[in-house]
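Inside the fold
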Amino acid sequence: MVRKSAVGLVLMLMMTTLLTAQADHLIGNIPGRKTISLNGSWRYIIDSYETGFYNYRYKERRQTDPEAYWNTDIPRNSSERKEHGYTNSRTLQVPGDWNSQDKKLLYYEGTIWYKKSFDYKMPPSPGPVFLYFGAVNYRADVYLNGVKLGMHKGGFTAFNFEIPDTLLKRTGNFLVVKVDNRRHANEIPTLNTDWWNYGGITRDVMLVELPRSYIIDYSVHLKRIAGNDSIGGWVRLSGANPGEKIIVEIPELKIKQSYNVENAQVGIAFVARNLQYWSPLTPKRYRVIISSGLDRVEESIGFRSIEASGRQVLLNGQPLFMRGISIHEEIPGGMRRAHSKADALQLLGWAKELGCNMVRLAHYPHNEMMTRMADSLGILVWSEIPVYWTINFSQAEVLDKAKTQLREMITRDRNRSSVIIWSVGNETPVSEIRTEFMRSLLEQARELDDTRLVSAALEVHYDRENNINLIDDPLGKYVDLVSFNEYLGWYVGTPASCRTANWKTIYDKPLFISETGAEALSGYHGGEAVMWTEEYQAWYYREQLAMLDRMPSNFVGISPWLLVDFRSPRRNNPEFQDGWNNKGLFDHSGKKKKAFYLLRAYYNKKASLKN
Ligand code: GCU
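As the structure is a computational prediction, the values presented were derived from the model and not from experiment.

Looking now at the overall build of the chain. The helix and strand inventory of the chain stands at seven helices and 36 strands. A compact globule built from 611 residues should have a C-alpha radius of gyration of about 25 Å, and the chain, at 25 Å, falls within 12% of that. Each of the three principal axes of the chain carries a C-alpha extent, and together these read 85 × 60 × 45 Å. Burial status across the chain gives 59% buried among its 611 residues. Restricting the contact set of the chain to residue pairs at least 6 apart, pairs at least 24 apart contribute 71%. Accessible surface, the chain: about 24,900 Å² in total, of which carbon and sulfur atoms supply 52%. With 77 positive and 68 negative side-chain charges, the chain shows a spacing of 4 Å between the two charge centroids.

This next bit is on the domain arrangement of the chain. When the domains of the chain are assigned, the result is domain 1 (5–209), domain 2 (214–304) and domain 3 (308–517 + 553–564 + 590–609). Summarising the inter-unit geometry, the C-alpha centres of domain 1 and domain 3 are found 33 Å apart. Counting the surface domain 1 buries against domain 3, the share from its top three residues, N186, I188 and W195, is 25%. For the pair domain 1 and domain 3, the number of links is two salt bridges. Between domain 1 and domain 3 we count 14 residue pairs in polar contact (both at pLDDT 80 or more) in total. Split into classes, the residues belonging to the side of domain 1 that touches domain 3 amount to 14 nonpolar, eleven polar and six charged.

Moving on: the nonpolar core. Formed by 84 residues in total, the largest nonpolar core has its most connected members in I325, V387, F437 and L441. Sorting elements by how many residues they give to this core places helix α6 (residues 534–548) first, with seven residues. Ranked by size, the runner-up nonpolar core spans 32 residues in total, among them V94, I112, L131 and I163.

Packing of α6 against helix α7 (residues 594–608) brings their axes to within 7 Å, and their N-to-C directions diverge by 20°. As summarised for this structure, α6 and α7 are arranged roughly parallel, according to the angle between their axes. Considering only the axes of α6 and α7, their crossing is right-handed. Taken together, the residues of α7 that come into contact with α6 (itself represented by E534, E535, Q537, A538, Y541, R542, L545 and L548) are K594, A595, L598, L599 and Y602.

Scanning all chains against the criterion turns up 36 aromatic pairs. Both rings, one in F159 and one in F161, keep their centres 5.7 Å apart while their planes meet at 65°; by these two values the pair is edge-to-face. Of the two residues, F159 and F161, both sit in the buried class. Relative to Y491, the ring of W490 has its centre 6.4 Å away and its plane inclined at 75°; by these criteria the two rings are edge-to-face. The class for Y491 is partly exposed, based on a relative accessible area of 47%. Members of the aromatic cluster, joined through ring pairs, are Y487, W490, Y491, Y524, W532, Y536, W539 and F576. One Lys or Arg, K606, reaches over the ring of F321 and ends 4.2 Å from the middle of that ring.

The next thing to look at is the sheet that holds strand β31 (residues 482–485). Overall, parallel pairing links the nine strands, which are arranged β21-β34-β33-β31-β28-β27-β26-β25-β22 in an open sheet. In this open sheet, the two edge strands, each paired with only one partner strand, are β21 (322–323) and β22 (326–327). For β31 and strand β33 (residues 511–515), the ladder comprises four bridges, and the chain directions are parallel. Counted as the bridge partner of N485 is E515 from β33. Here helix α4 (residues 396–413) sits on the sheet in contact with β26 (380–384) and β27 (419–426), set at roughly 165° to β27. Strand contacts of helix α5 (residues 432–448): β27 and β28 (453–458), with the helix running at about 155° to β28, the strand carrying the most contacts.

This paragraph deals with the site of the ligand. The local shell around the ligand holds 14 residues, among which D194, H363, E427, Y491 and E515 are the closest. A distance of 3.3 Å is found between an oxygen atom of the ligand and a side-chain nitrogen or oxygen belonging to Y487. Contact between the ligand and E515: an oxygen atom at 2.6 Å from a side-chain N or O atom of the residue. Residues of the shell around the ligand, tallied by class, amount to five nonpolar, four polar and five charged.

A word on the pattern of salt bridges. Counting across every chain of the model gives 44 salt bridges. With its nearest N and O atoms 2.7 Å apart, the salt bridge here joins K104 to D102. Here D217 ties to R414 by a salt bridge, and the two come within 3.6 Å at their closest N and O atoms. You can see D217 sitting in strand β11 (residues 215–225) and its partner R414 sitting in the loop between α4 and β27, a full 197 residues away along the chain. Overlapping salt bridges bring together E299, E368, R372, D375 and R416 as one network.

Calculation rules
Residues numbered from 1 in each chain as written. Predicted model: local features only at pLDDT ≥ 70, side-chain atom pairs only at ≥ 80, totals over all residues. Heavy atoms only, no water. Helix = DSSP H or I, 4+ residues; strand = E, 2+ residues; numbered from the N terminus. Rg over C-alpha atoms; globule rule 2.2 N^0.38 Å. Buried < 20%, exposed > 50% of the residue type's maximum accessible area, 1.4 Å probe, protein only. Contact = heavy atoms within 4.5 Å. Areas by Shrake-Rupley, 256 points an atom, 1.4 Å probe, with all protein chains shown as cover. Lys, Arg positive; Asp, Glu negative; His and termini not counted. Charge placed at Lys NZ, Arg CZ, Asp CG, Glu CD. Domains from an automatic or database assignment. Buried area = accessible area lost by both parts, 1.4 Å probe. Salt bridge = Lys/Arg side-chain N within 4 Å of Asp/Glu carboxyl O. Polar contact = N/O pair within 3.5 Å; in protein donor to acceptor, adjacent residues only side chain to side chain. Nonpolar A, V, L, I, M, F, W, Y, C, P; charged D, E, K, R; others polar. Core = buried A, V, L, I, M, F, W, Y, C linked by side-chain atoms within 4.5 Å. Axes fitted to C-alpha atoms, helices over the stretch in contact; angles between N-to-C directions. Parallel < 35°, antiparallel > 145°, perpendicular 65-115°, else oblique. Left-handed = near helix turned anticlockwise from the far one by under 90°. Phe/Tyr/Trp six-rings, centres within 6.5 Å; stacked < 30°, edge-to-face > 60°. Lys NZ or Arg CZ within 6 Å of the ring centre and 35° of its normal. Pairing = 2+ DSSP bridges. Near = heavy atom within 4 Å.

Right under this line is the structure:
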């Protein structure tokens, strides 16, 4: 008996390792699937020495090691020694960062073990079950009933693991996630950022129940064929069963198309008459239903076209001027990561109030509620991976990590009409090796999705002598939209410098200001030349906005930095910052600063002029 069980154990370990390695395709449209939420109260252990992962010789513990924190914490009898325990007196809410849930965790960077026990009722015709995470910052090692499902790195993108058939139990499933939010030089982002390093299971956790053969993912978007509006895309299946069909329905357009399944990826294309385009003014979406032999998913999708044409950006064939604002994924009042629908409505509602038709979701992919809410509110989205500042561009493994996050970002949001720009980074220092690194990301973004613009936030050459501000970053050659961050009047010169500023670019492409801004401590008033006052920030915006009227003719929009004050460990002026970057137009409590009204007036005027 012992021999047999040992062989069985070895086989299962081999299977699990095999499966762990394979479970990497992200299931598309999770909200449209049969899911069981694992959100709520999870027990936790702070483990800054990673005792639960390494033994005293600093070797990763064996899977069956009773002292590993992924194994039960309940002694089998009174003589068994356990030196770890998940107690009901130490719980964290999921989704949610840990920094905002317990004062002692505000600055914590390290490992926290999360544990959730749950029962599971097998459905009548069981198929594959995936464990899905909206995001975990930064590294997640996931274990179920003592077996490792896999590891994921990347703090802002979704991932899922297929659960081996025999692993789920009817009662008392023991789910453990080791979360480590420490920063490292060879990660994405790297050690140095200007935002709070919130750690934890920051977005939803769900079990996803799929039929035996299922629709993994799909893309459905507007195409034009021979001048007619048509819809194109593809559907990817878990397996190609001969004779199976894919059906795509858009009931409101009286469309029902069927396709024979020859292999696991099926192309779709059909004419769509009387289609109403999605746009900020008319955020029209259609119910789209995709069904295969055993599976059926649906969601609301808007159809629109976005393209860079010469020196313009065209939305549905019309020139677009982007009245944007940059946003961090943070609810300032709660000093926490945003994650809910209400959070998305708060932040995007403020952007709407500002007169925006676009938001730059900086500097990482925001939670899915944001992009789905932007679809329904009619707000265009710039979505970005955190290739930020001094990434280690020389390491192939770092490029792989950036590519993984880029693929995960695009896979989740490829059917979001609001998303019009994929950005592969922000303010990366120019060098040959960096430009090649970023170029290859742009190339991958186009391969994954050729229906959107690709860009990155570049920096400016301030030529103080000739008073010319030049955008000539070599990366500009490879983007569709030449975007740059400028702080003329904050980090360079004074707001008065804007009056004589000349802007030039060597690229004959649409030009976009992806950041500009100044700090103001809300409620601090004085003469406009007094640093940190609301009057100084207002002066900055007045001069900047006047300058925009003198931008080159390929200037197509701006997303100032930024909507709301946000937390940053870099900002340590005790009187005017105190751990906050106060460049928001809204303060920590959601109160508007003087500059808000200047930008809103400018946007309302732009909107009335219809670009
Ligand atoms: C940079 C950077 C932002 C940062 C901002 C600032 O441009 O992209 O992440 O917060 O400037 O200095 O406030």
